Amino acid sequence: MKITVQSSKAVKPDYGDAPAPSTTTVVPLTVFDLISFDDYMFGIHAFHPPSPPTAALEAGLARALAEHREWAGRLVTADDPAATSRRRGILLNDAGVRFLDATADDGATLESAMPLLRQPTPEVRRLHPSGPAGGDGEELMLVQVTRFACGSFVVGHAMHHAVGDAFAISRFLVAWGQATRGAAVDPVPVHDRTSFFAPRHPPRVDFDHRGVEFVKPSSRETKEKTNLAGGGAAGDGDDVVVQHVRFSREFISELKSRASSSAAGRPYSTAQCLAAHLWRCVTKARGLAAGGETKTTLHLAVNGRARMRGLPEGYTGNAVLWAHPCTTARELLAAAPLGRAVELVRGEVARVDESYFRSFIDFASSGVVEEEGLVPALKDPEAAELGADVAVYCLLRVPFYDVDFGGGCGRQFFYTPGYYPAEGVVYILPPAPVVGDGSVEAHVSLFSRHVERFRGCCFSIDDGEAPLEYQ
């Protein structure tokens, strides 16, 4: 599939008749912004015809940026009088967002491209901007609108993670759609990045955050990336492929029923059951059962909006920490481990509660990080290497499917995070409303040598009873 970019321009906030605000304000990044990935998040959103004209999308984007100025700004590093070192922030200079207008050549239809989107390959990158290197002074958001011969269109984005997490990104995209339709932006964005995360006096660090959110930087300048899961090296020519799987309503119901049969209290959630199930499947596909005592950890993003009192729905920054349930491959893949694995997931997620979030804020703001030379774990290459671990991003509650640009096209009918060639990374995606069958999709990144084993177990529920197979 050939994509041609017809034009590229910077779209800046449009304040209408209101006076333009100062363009010298710097908003310091919060402790949650600073520990997030220093990179771009990608996404692709597909719409049926008729499509709004390019001018309408640009105008809507400009109006949305007037409400969400962060995305039109630039990252800068400045002296922070309250800190012992220089601190990054967002300069609200209204420099703008990069807008690319593109077409699919040779009469390509969106239907012909759907197999590419449903089973992501590197080619899918043509439908979203690649993003710059991510350094200070560079664009924080890039969007690409690709039109197809059938009248359908795709909106691809690259948005910097330091500015906001998946919820913040989805809220901006929804606002863009609302502004394009001429509707009021709802929820109203909340830009306060200071008061919500103020440390307590005196600080109360009730949990150990060393070795969890913060680590000592790797002592090695280079690291041979060895894949602990299967004995091969990551650089031995074995490609990472993304497997797209759809779990039916019936499968999910049975999975939850079996996992919850021995649960104390309320039944387990869909997210908890699927995270545990896919953790087991990837571990089994990697051939770790024979390894027995090999430690494996599930890294699961936890949204602080549901944990911290007073943090509003429209908060525009990052508010995520991670739960890290850990066990051995032997225990994870034992004869009847499903309920125990889900129980472990629930327990660790529950532990990352408001008291944990507040303890993290106090620790990260105390000066200890600078004094001990610690770095965010997500930014240390050695600490971030998954090896035998699995990282799950559950997007079930992220409102990507609320994006609607009007013009008759209606809400998007398909969303994908794109192609992420990072082995062991799993995305659990919200079901498309147009499908409406209660199914849930997942993208699972694996080395190609593990794909067949994964396919052989991902639709099987093995919990000590007779395994059930779903097709």
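Reading the values: the criteria
- Residues numbered from 1 in each chain as written.
- Predicted model: local features only at pLDDT ≥ 70, side-chain atom pairs only at ≥ 80, totals over all residues.
- Heavy atoms only, no water.
- Helix = DSSP H or I, 4+ residues; strand = E, 2+ residues; numbered from the N terminus.
- Buried < 20%, exposed > 50% of the residue type's maximum accessible area, 1.4 Å probe, protein only.
- Contact = heavy atoms within 4.5 Å.
- Areas by Shrake-Rupley, 256 points an atom, 1.4 Å probe, with all protein chains shown as cover.
- Core = buried A, V, L, I, M, F, W, Y, C linked by side-chain atoms within 4.5 Å.
- Expected span 1.5 Å × (residues − 1).
- Salt bridge = Lys/Arg side-chain N within 4 Å of Asp/Glu carboxyl O.
- Phe/Tyr/Trp six-rings, centres within 6.5 Å; stacked < 30°, edge-to-face > 60°.
- Pairing = 2+ DSSP bridges.
- Axes fitted to C-alpha atoms, helices over the stretch in contact; angles between N-to-C directions.
- Parallel < 35°, antiparallel > 145°, perpendicular 65-115°, else oblique.
- Nonpolar A, V, L, I, M, F, W, Y, C, P; charged D, E, K, R; others polar.

A. Representation of the overall build of the protein chain. In terms of regular secondary structure, the protein chain is built from twelve helices and 20 strands. Looking at the protein chain residue by residue over its 471 residues, the buried ones come to 54%. Within the protein chain, contacts between residues separated by at least 24 positions form 81% of all contacts whose residues are at least 6 apart in sequence. Counting every atom, the protein chain has about 19,700 Å² of accessible surface; 52% of that belongs to carbon and sulfur.

B. Expanded view of the nonpolar core. Counting residues in hydrophobic clusters, the biggest one holds 59 residues, and the most contacted among them are Phe32, Phe360 and Phe454. Tallying contributions element by element places helix 6 (residues 270–285) first for this core, with nine residues. In this structure, Phe32 is in contact with Phe197, Met308, Asn318, Ala319, Val320, Leu321, Phe357, Phe360 and Ile361, ignoring residues within four places of it in sequence. The next biggest cluster of nonpolar side chains, apart from the first, holds 55 residues, and it includes Tyr40, Ala64, Val155 and Met159.

C. Spatial organisation of helix 2 (residues 54–67). Over its 14 residues, helix 2 extends 20 Å from the first C-alpha to the last, a length consistent with the 20 Å expected when each residue adds 1.5 Å. Every buried residue belonging to helix 2 is among Thr54, Leu57, Glu58, Gly60, Leu61, Ala62, Ala64 and Leu65, and all of these are buried.

D. A look at the environment of Leu288. Positionally, Leu288 belongs in the loop between helix 6 and strand 11 (295–303). For Leu288, a relative accessible area of 4% corresponds to the buried category. For the pair formed by Leu288 and Arg330, sequence separation is 42 residues and the distance between their alpha carbons is 8.2 Å.

E. The arrangement of the pattern of salt bridges in detail. Under the definition given, this model contains 22 salt bridges. One salt bridge connects Arg98 with Glu139, and the closest N-O pair in it is separated by 2.9 Å. With Arg98 in strand 6 (residues 97–104) and Glu139 in the loop between helix 3 (110–118) and strand 7 (141–147), the pair connects residues that are 41 residues apart, well separated along the chain. By relative accessible area, Glu139 is classed as buried at 15%. The salt bridge involving Arg455 is made with Glu452; its shortest N-O contact spans 2.9 Å.

F. Just the side chain of Arg171, in detail. By secondary structure assignment, the location of Arg171 is in helix 4 (residues 166–181). In this structure Arg171 touches His68, Pro187, Glu313 and Pro399, once residues within four positions along its chain are discounted.

G. How the structure looks around the packing of aromatic side chains. Counted according to the given criterion, the structure contains 19 aromatic pairs. Judged by centre distance (6.0 Å) and plane angle (10°), the rings of Phe214 and Phe360 are stacked. Of the two residues, Phe214 sits in strand 9 (residues 214–215) while Phe360 sits in helix 9 (residues 354–364), which places them 146 residues apart along the sequence. Three or more aromatic residues joined by ring pairs make a cluster, and in this case those are Phe32, Phe196, Phe197, Phe214, Tyr315, Phe357, Phe360 and Phe363.

H. Inspection of the pairing of strand 15 (residues 390–394) at higher detail. Strand 15 sits mainly inside the fold: four of its five residues count as buried. Summarising the sheet, strand 11 and strand 15 pair through three bridges and their orientation is parallel. Across the sheet, Leu298 pairs through a bridge with Val390, a residue of strand 15. Across four bridges, the pairing between strand 15 and strand 17 (residues 425–429) is parallel. If you follow Tyr393 over to strand 17, its bridge partner there is Tyr427.

I. Focus on unusual backbone geometry. Cis geometry marks the peptide bond from Asp186 to Pro187; its omega dihedral reads 5°. Looking at the secondary structure, you find Pro187 in the loop between helix 4 and strand 9. In this chain, His201 is followed by Pro202 through a cis amide linkage whose omega measures -5°. Structurally, the position occupied by Pro202 is in the loop between helix 4 and strand 9. One non-glycine residue, Asp94, lies in positive phi territory at about 55°. With respect to the element layout, Asp94 can be found in the loop between strand 5 (86–91) and strand 6. Looking at Asp94, the relative accessible area reads 10%, which means it is buried.

J. Representation of the packing of helix 5 (residues 249–260) against helix 6 within the structure. Axis separation between helix 5 and helix 6 bottoms out at 10 Å; the angle between their running directions is 85°. Here helix 5 lies roughly perpendicular to helix 6, going by the angle between them. Residue-level inspection shows Phe251, Ile252, Leu255, Lys256 and Ala259 of helix 5 in contact with helix 6, the latter providing Thr270, Cys273, Leu274 and His277. Considered class by class, the residues forming the contact of helix 5 with helix 6 number six nonpolar, two polar and one charged.

K. Fine view of the pairing of strand 8 (residues 153–160). Across the eight residues of strand 8, eight count as buried, placing the element largely inside the fold. Here strand 3 (residues 40–47) runs beside strand 8; their pairing, made up of eight bridges, is antiparallel. Bridging across to strand 8, Tyr40 finds its partner in His160. Here strand 7 runs beside strand 8; their pairing, made up of seven bridges, is antiparallel. Its bridge partner being in strand 8, Gln144 is matched across the sheet by Gly156.

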